[in-house]
Amino acid sequence: MTNPELKSEVEILLDEVDRTHRYSMSRIYSLWNIVNEKNETPQSCASCLIRKVRDLRSWLEKESENDEPKESPVAEKKVKRVRKKAVND
């Protein structure tokens, strides 16, 4: 699975978890194992699933930061402001 495909799958999973609050044990562990290059056996423990989802969310944020082009700081041109003179009548 390529990185863009993996990111897409993780985004879909996280979106589903956020919308439904249902944690698919097999999907979470399979994506987590791919992302972390591990082979952990799925656990039905709620806190374990929540931790894996948090890890996936963190991984996705890091990947998104790496994909964004680095913006070079642009030197802002300073504009000299001129005051208008008040006209006294």
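Here the structure is shown first, and the text comes after it.
No experiment lies behind these values; they were computed from the predicted model shown.

(A) Examining the overall build of the chain more closely. The helix and strand inventory of the chain stands at 3 helices and 0 strands. What you see in the chain, going N to C, is helices and strands ordered as α-α-α. Counting every position in the chain, which comprises 89 residues, the buried fraction comes to 22%. Accessible surface computed for the chain: about 7800 Å², of which carbon and sulfur atoms make up 48%.

(B) The arrangement of the packing of helix H1 (residues 3–20) against helix H3 (residues 46–67) in detail. Between H1 and H3, whose axes approach to 10 Å, the crossing angle comes to 135 degrees. On the basis of their axis angle, the class for H1 and H3 is oblique. Of the two possible hands of crossing, H1 and H3 adopt the one that is left-handed. Counted together, Asn3, Leu6, Lys7, Val10, Glu11, Leu13, Leu14, Val17 and Asp18 of H1 and Val53, Leu56, Arg57, Trp59, Leu60, Glu63, Ser64 and Asp67 of H3 form the full contact between these two elements. For the contact of H1 with H3, the residue count by class is 9 nonpolar, 2 polar and 6 charged.

(C) Representation of the side chain of Lys52. Checked against the element boundaries, Lys52 lands in helix H3. The contacts of Lys52, once residues within four sequence positions are left out, are Ile28, Tyr29, Trp32 and Glu40.

(D) Just the packing of helix H2 (residues 25–36) against H3, in detail. Between H2 and H3, the shortest axis-to-axis distance is 10 Å and the interhelical angle comes to 45 degrees. Judged by the inter-axis angle, H2 sits oblique to H3. Where H2 crosses over H3, the handedness of that crossing is left-handed. Between H2 and H3, the contacting residues are Met25, Ile28, Tyr29, Leu31, Trp32 and Val35 on the first element and Cys48, Leu49, Lys52, Val53, Asp55, Leu56 and Trp59 on the second. Among the residues forming the contact of H2 with H3, the class breakdown is 11 nonpolar, no polar and 2 charged.

Criteria and cut-off values
- Residues numbered from 1 in each chain as written.
- Predicted model: local features only at pLDDT ≥ 70, side-chain atom pairs only at ≥ 80, totals over all residues.
- Heavy atoms only, no water.
- Helix = DSSP H or I, 4+ residues; strand = E, 2+ residues; numbered from the N terminus.
- Buried < 20%, exposed > 50% of the residue type's maximum accessible area, 1.4 Å probe, protein only.
- Areas by Shrake-Rupley, 256 points an atom, 1.4 Å probe, with all protein chains shown as cover.
- Axes fitted to C-alpha atoms, helices over the stretch in contact; angles between N-to-C directions.
- Parallel < 35°, antiparallel > 145°, perpendicular 65-115°, else oblique.
- Left-handed = near helix turned anticlockwise from the far one by under 90°.
- Contact = heavy atoms within 4.5 Å.
- Nonpolar A, V, L, I, M, F, W, Y, C, P; charged D, E, K, R; others polar.

No statement about biological role is implied by the geometric values presented.
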